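The chain contents come next:
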Amino acid sequence: MTTYAPAEASERTGLSLDTLRYYERLGLFGPVRRTSAGRRVYSDHDVAWVGLLVCLRNAGLGISDLQRLMGRLRDRSGGPTGVVELLEEHRSRLHGEIAKMNVALDVLDDKIAHYRGAADQSKK
């Protein structure tokens with residue numbers, strides 16, 4: 001198993017050391033193994049899990065959403081149903097946001113074309 005010092009884990013995940021520690025403190029991943037001197041040592045699994053967290057954050061899930069997700073993953077009594085419901089709920093919201101963004105892009109494209117045409121007309 002490959003392990004990483006905190007700085008290496010930070011570089012691999014794109015998160016600051018403070019954010020890695022914050023996510024660990026919130027229970028979003030870990031617990032992270034420590035050396036006999038008390039220094040954190042991140043595993044491939046830790047780094048991969050943090051990569052998933054980063055992806056979900058980029059998709060718009062908030063910290064509280066991630067905490068709910070972790071709670072559902074830890075509570076195995078309901079099986080994966082709770083996890084699937086949470087992710088589907090967010091997926092639906094994300095599709096709504098994408099639709100709004102596509103409308104905004106269309107408006108911007110129209111305005112760019114309009115003003116580009118006006119600029120071309122004024123050059124004549």
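Before reading on, note that the structure itself is shown above.
So, here's what we can say about the structure. In this text, all values refer to a predicted model and were calculated from it rather than measured experimentally.

Time to look at the pattern of salt bridges. For the structure shown, the criterion picks out 6 salt bridges. The salt bridge involving Asp 18 is made with Arg 21; its shortest N-O contact spans 2.4 Å. In this pair, Asp 18 and Arg 21 are both assigned in helix H2 (residues 17-25), 3 residues apart and thus about one turn of the helix distant. Relative accessible area serves as the criterion here: at 53%, Asp 18 is assigned to the exposed category. For Arg 21, a relative accessible area of 30% puts it in the partly exposed group. A salt bridge links Glu 24 to Arg 40; its shortest N-O distance comes to 2.7 Å. You can see Glu 24 sitting in helix H2 and its partner Arg 40 sitting in strand S3 (residues 40-43), a full 16 residues away along the chain. A relative accessible area of 13% places Glu 24 in the buried class.

Cut-off values and rules
- Residues numbered from 1 in each chain as written.
- Predicted model: local features only at pLDDT ≥ 70, side-chain atom pairs only at ≥ 80, totals over all residues.
- Heavy atoms only, no water.
- Salt bridge = Lys/Arg side-chain N within 4 Å of Asp/Glu carboxyl O.
- Helix = DSSP H or I, 4+ residues; strand = E, 2+ residues; numbered from the N terminus.
- Buried < 20%, exposed > 50% of the residue type's maximum accessible area, 1.4 Å probe, protein only.

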